[in-house]
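# Working through the structure, step by step
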Amino acid sequence: MTRGQRQLVVWVAAFAGIGLGALGIARWLSGTGNLARDMRERTLIDAETGTVFEHMPVPAGAPLPLEHPETGRTTLYPAERCHWNADGTAKLEPTYVLLNSYVGSDEPTACPDCGRDVVAHNPLPPDALMMDAARRDGG
Ligand SMILES: [Zn+2]
């Protein structure tokens, strides 16, 4: 091997090393990108105390119930939102409700505030009522 050939080998090895390093960084970045995408903010409710945790980052596909950060017990369930008032009007700030079905009961879940049935992916009141609520509560 001539001196020139040896130098060439060193340069090729160096570039290959840089390339692999860049690939690793790109993989790592895209990996953290996926992680960020797979985290969803959810509102959770503690089955034992009724405490509501708003905007908790939850990994997609995480098994439910989730662990309570203070007690370490798996008592956190997704909270359903009820935007009804007892008088039939709507409100912007929801009442958070734990569904009976999440804790092994077949009983329908009644909202503790307005008494209406609350279901999974609980629907909003009609748009007109939400608009009234926005005018009343928001302005
Ligand atoms: Zn309600």
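Residues numbered from 1 in each chain as written. Predicted model: local features only at pLDDT ≥ 70, side-chain atom pairs only at ≥ 80, totals over all residues. Heavy atoms only, no water.

We now examine the coordination of the zinc ion. Looking at the zinc ion, one finds its protein donor set to be Cys82 (SG), Cys111 (SG) and Cys114 (SG), positioned 2.2 to 2.3 Å from the metal centre. When the donor residues of the zinc ion are listed from N- to C-terminus, their spacing reads C-x28-C-x2-C. Taken together, the residues Cys82 in strand β5 (residues 80-84) and Cys114 in the loop between β7 (109-110) and β8 (117-118) connect sequence positions 32 residues apart. Residue classification places Cys82 among the buried positions, given a relative accessible area of 1%. (Donors = N, O, S within 2.8 Å, 3.2 Å for Na, K, Ca; no water. Helix = DSSP H or I, 4+ residues; strand = E, 2+ residues; numbered from the N terminus. Buried < 20%, exposed > 50% of the residue type's maximum accessible area, 1.4 Å probe, protein only.)

Of all hydrophobic cores here, the largest spans seven residues; its members are Cys82, Trp84, Val97, Leu99, Cys111, Cys114 and Val118. Residues in contact with Cys82, not counting those within four places in the same chain, are Lys91, Pro94, Thr95, Val97, Cys111, Cys114, Val118 and Asn122. (Core = buried A, V, L, I, M, F, W, Y, C linked by side-chain atoms within 4.5 Å. Contact = heavy atoms within 4.5 Å.)

Moving on to the pairing of strand β6 (residues 90-97). Extensive coverage of β6 is indicated by the burial of six of its eight residues. In the sheet, β5 pairs with β6 via four bridges, with the strands oriented antiparallel. Bridge pairing links Arg81 to Tyr96 in β6. Counting the residues between successive antiparallel strands, the hairpin from β5 to β6 contains five residues, one of them, Gly88, with a positive phi of roughly 90°. (Pairing = 2+ DSSP bridges.)

Next up on the list: the pairing of strand β1 (residues 39-46). Where β1 meets strand β2 (residues 52-59), six bridges bridge the pair, whose relative direction is antiparallel. Bridge pairing links Arg40 to Val58 in β2. In this antiparallel pair of consecutive strands, β1 and β2, the connection spans five residues, and Gly50 shows a positive phi of 80°. Inspection of the sheet shows β1 paired to strand β4 (residues 74-78) by three bridges, in the antiparallel sense. Looking at the pairing, Asp46 lines up with Leu76 of β4.

To continue, consider the pattern of salt bridges. As enumerated under the stated definition, the model contains four salt bridges in all. Residues Glu48 and Arg73 are paired through a salt bridge, measuring 2.4 Å at the closest nitrogen-oxygen approach. One end of the pair, Glu48, is in the loop between β1 and β2; the other, Arg73, is in the loop between β3 (66-67) and β4, with 25 residues separating them in the sequence. Residues Lys91 and Asp113 are paired through a salt bridge, measuring 2.5 Å at the closest nitrogen-oxygen approach. Residue Lys91 is found in strand β6, and its partner Asp113 is found in the loop between β7 and β8; the two are separated by 22 residues along the sequence. A relative accessible area of 12% places Lys91 in the buried class. Given the relative accessible area of 40%, Asp113 is considered partly exposed. (Salt bridge = Lys/Arg side-chain N within 4 Å of Asp/Glu carboxyl O.)

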